[in-house]
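Each chain, letter by letter, is given below.
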Amino acid sequence: MDPIINAVLKPKSIAIIGASTKPNKIGFKVVENLKNCGYTGPVYPINPDAEEILGYKCYPNIKDVPYVVDMAVVTVPAQVVPTITREAGEKGVKGLSIITSGFSEVGDHALEEEVVKIAREYGMRIIGPNIIGVLSNSDKMNASFTNFLPLEGKAALVSQSGALLIAMDAATYTRRVGFDKMISIGNQADLDFADLIAYLNEDENTTCITLYIEGIKDGPRFMQEARKCTKPIIALKAGSSAHGAAAAASHTGSLAGSAKVYEAAFEQAGVAQALDLNDMFDTTLALSLQPTMKGDNLLIVTNGGGVGVLATDAAEKYGLPLKFAPEDVQAELRKHMPSFGSAKNPVDITGQAGLEGYYEGVKYAYAHPWVDGVVVLYCETSVTNPQEIAEAIYNALQESGASGKPVAVSLIGGDRCETAMKWLIERDIPTYNAPDLAVKAMASLRKQNEMLKTAHNGLYKPDDVDSEKARQIIAGARAKGRNALTEVEAKHVFKAYGLPVAPTDLAHNEDEAVKLAEQIGYPVVMKIVSPDILHKSDAGAVKVNIKNEQGVRDAWKLILENSLAYKADAEIDGVAIQEMAPWATEVIVGSVNDATFGPTLMFGLGGIFVEVMKDVTFKVAPIDEATALDMQSEIKSSKILQGVRGELPRDQKALAKVLAHYSYMIYDLQDEIAESDANPVIVYEDGQGVSVVDARIILTKK
Ligand code: COA
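So, here's what we can say about the structure. (Residues numbered from 1 in each chain as written. Predicted model: local features only at pLDDT ≥ 70, side-chain atom pairs only at ≥ 80, totals over all residues. Heavy atoms only, no water.)

**Some points on the packing of helix α13 (residues 355-367) against helix α14 (residues 386-399)**
Viewed as axis vectors pointing N to C, α13 and α14 meet at an angle of 30°, and their least axial separation amounts to 8 Å. Accordingly, the angle class assigned to the pair α13 and α14 is roughly parallel. Seen from above, α13 lies across α14 with right-handed handedness. Across the interface between the two elements, Leu355, Tyr358, Tyr359, Val362, Lys363 and Tyr366 of α13 pack against Glu388, Ile389, Ala392, Ile393, Asn395, Ala396, Leu397 and Glu399 of α14. Residues belonging to the contact of α13 with α14 are distributed by class as follows: 10 nonpolar, 1 polar and 3 charged. (Axes fitted to C-alpha atoms, helices over the stretch in contact; angles between N-to-C directions. Helix = DSSP H or I, 4+ residues; strand = E, 2+ residues; numbered from the N terminus. Parallel < 35°, antiparallel > 145°, perpendicular 65-115°, else oblique. Left-handed = near helix turned anticlockwise from the far one by under 90°. Contact = heavy atoms within 4.5 Å. Nonpolar A, V, L, I, M, F, W, Y, C, P; charged D, E, K, R; others polar.)

**Side note on the pattern of salt bridges**
Overall, the coordinates contain 45 salt bridges when judged by the stated rule. Here Asp677 and Arg696 are joined by a salt bridge, their closest N and O atoms 2.8 Å apart. Separated by 19 residues along the polypeptide, Asp677 in strand β27 (residues 673-683) and Arg696 in strand β29 (residues 695-699) bring together distant segments of the chain. Given the relative accessible area of 16%, Asp677 is considered buried. Residue Arg696 is classed as partly exposed on the basis of its relative accessible area, which comes to 30%. (Salt bridge = Lys/Arg side-chain N within 4 Å of Asp/Glu carboxyl O. Buried < 20%, exposed > 50% of the residue type's maximum accessible area, 1.4 Å probe, protein only.)

**What about the sheet that holds strand β20 (residues 504-507)?**
Read across the sheet, 4 strands follow the order β20-β23-β21-β22 without closing on themselves; strand pairing throughout is antiparallel. Of all the strands in the sheet, just β20 and β22 (542-546) have a single pairing partner and so form its edges. On average, each strand axis in the sheet is inclined to that of its neighbour by 25°, with strand direction left out of account. Summarising the sheet, strand β21 (residues 524-529) and strand β23 (residues 574-579) pair through 6 bridges and their orientation is antiparallel. (Pairing = 2+ DSSP bridges.)

**Observations regarding the state of the cysteines**
Tallying each qualifying case throughout the model produces 0 disulfides. Unpaired in terms of disulfides, Cys58 finds its nearest cysteine sulfur in Cys37, a separation of 19 Å. The thiol of Cys417 is not disulfide-bonded; the next cysteine sulfur, from Cys379, is found 8.5 Å away. (Disulfide = S-S within 2.5 Å.)

**Let's talk about the sheet that holds strand β19 (residues 431-432)**
Across a sheet, strands are paired by hydrogen bonds formed along the backbone, either parallel or antiparallel in direction. Judged by pairing direction, the sheet is parallel, and its 5 strands sit side by side in the order β16-β15-β17-β18-β19 without closing on themselves. If you trace the sheet from one side to the other, it starts and ends with β16 (347-348) and β19, each paired once. Of the strand pairs in this sheet, strand β15 (residues 298-302) and β16 are connected by 2 bridges, and their pairing is parallel. When the sheet's bridge partners are listed, Thr302 is paired in β16 with Asp348. Of the strands in this sheet, β15, β16, β17 (373-379) and β18 (407-412) are in contact with helix α11 (residues 305-317), which crosses β17 at around 140°.

**Observations concerning the packing of aromatic side chains**
Inspection of every chain in the model, using the stated rule, returns 11 aromatic pairs. The interplanar angle of 75° and the centroid separation of 6.1 Å between the aromatic rings of Tyr44 and Tyr59 together place this pair among those described as edge-to-face. Linking Tyr44 in strand β2 (residues 43-46) with Tyr59 in the loop between β4 (56-57) and β5 (71-74), this pair joins segments that are 15 residues apart in sequence. No difference in accessibility class separates Tyr44 from Tyr59, as the two residues are buried. (Phe/Tyr/Trp six-rings, centres within 6.5 Å; stacked < 30°, edge-to-face > 60°.)

**Points about the site of the ligand**
In the vicinity of the ligand lie 22 residues, with Ser20, Lys25, Asn47, Ile99 and Ser101 positioned nearest. At 3.2 Å, a side-chain N or O of Lys22 approaches an oxygen atom of the ligand. Between the ligand and Ile131, the relevant distance is 3.4 Å, taken from a nitrogen atom to a main-chain nitrogen or oxygen of the residue. When the ligand sits alone it has 970 Å² of accessible area, and the protein chains cover 70% of it. Of the residues contributing to the shell around the ligand, the split by class is 11 nonpolar, 9 polar and 2 charged. (Near = heavy atom within 4 Å. Polar contact = N/O pair within 3.5 Å; in protein donor to acceptor, adjacent residues only side chain to side chain. Areas by Shrake-Rupley, 256 points an atom, 1.4 Å probe, with all protein chains shown as cover.)

What follows is the structure, given as structure tokens:
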């Protein structure tokens, strides 16, 4: 654990620079909150005019404090912050929590950079600026201007929005989701999400990390730390709509990368994405209290058929469809229910079920090796008391002799259920007031288990690549003043990264074209190669299915004629002669450089699927072949690759290899490639491979 960051987040002593004697000021509130919430370390208010605040002795300047100061909370106006940062540095303060607004979020990047630069000179770390402060139950520390510590619990919240943090702090009590820490990080001038993930991963009081994100500054570093993290991470990403992204930009100065790329990056790094604030609380409750679900066998125990059906629907919706329990499980469960109950799955112990039914049913089910996780549902009835049912469920789990499997409960009813829910949550059992929420919680525990498995894999790197050769081709194009490669050059770069490009060579004259066509074998395709004609078909500069020498000679003349008609002064390198790949399923592979996450792979089926239906999926590069197979099943039209209407499946393995190699190419050449695509790539029947027919690479500006 980084000792400086630890000193800032778990300080043994705190100064408040800009502490005030006036009760309505933020500089007063922070002192008051530290005192009222029970912080036990020394507190040093700094104010040029005051003698004491709330019984703490005041000092006119941080340098006058005769003791060690771990962290200083800053509540002076923005223009004064550089001066006090230097003074804090000279004093040897380890870090600052800068509450003050008025930096990059209002466009003053220079002021923010100046403060960070000064802090770096003294080895100080900064939280903020533009924050509420830092709260920690385990340290009884409320170094913020929100009035109270959150409901005690095991999660940690890191929020880019201060106001949302204040609201969530209060909501922890009504939602009954406990947090040990709440950290407001505002503009992330220095410490950012990645630093805090690394820190909280080692924090003994944190079991799960919840993030409210408007923008990530360094996407690859965020992914790297999230991948290393062994605790669940939940992210609520705001600003997915264009208007929302603009609002986020003016709120914390965040630049929004594409929402789809964020989604992909979270998934690849094992981060669970919350859909909204409610989902963020519900998922945090489950992931902070329960172990992940290791297998797919979910068993539901219910006293109500209706909620059982709702839960069954939810299980399918959230990707954890129910299976019938094995016969031995059913036989045992039948002993604890009336004859009209059902022991299949959901296990309906009926509305007549009392304490014994719940106790015996849950105890047996939880301990059975077939069961990977249990959801217990209860509808309030006149013959049962919700509190007693809650106790029966809890005792059953405790006395089952099993552990390490997740459980979630839903108590559906009135006030008595509310009280019983609270009782269960206090005993670390996530409990919800609707059946679908309990099932959704379980599905997130299952998904977390799977995501953590792949997230920890190292970065993919294929063996058979020749980066040097690719870089030479690119350097050659740059030397000629070009920022786009010709198709032939792009194909040679693809080839250097092990991609199966359809054999293509450049002919400089008609005779050479005939020679190359004969070498490649008829039929061939001929296309103009000119840096000035990127849309070759529009220019009438592509001819396909050329079957013999005469065809080559005719096509040569026509292509040159059309090209010059399209652009009279076009610079022409020659004509590409290419093997005519037989037709099969067309897909598109492409890349963009995302503003946040860098080189990102795009994949979809060709033609209308991509153009009209926008049926494409993204992954941050590089990806391995297993992830590339997942990518193929993510598109809506994936069934076409799996084989429809009597067609054989396409060669998805070969396509996975292409996607993985392509992703490594754009990752390895990220300083050179701004944008690229292989369009189309023809995918043949299983075992017959893949052929990259066209290639385009646009270079980065240098
Ligand atoms: N050293 C120590 N104390 C100093 C100082 C210095 N160099 N310069 C000023 N102070 C004292 C002032 O005397 C004042 O104390 P007083 O009230 O006893 O006179 C105190 O620091 C605060 O300074 P003041 O000029 O009165 O500022 P303010 O309290 O009106 O506002 C901020 C200061 C930081 C609260 C304000 O600039 C701000 O940024 N507000 C927004 C904060 C926010 O919302 N953040 C979260 C966003 S989500």
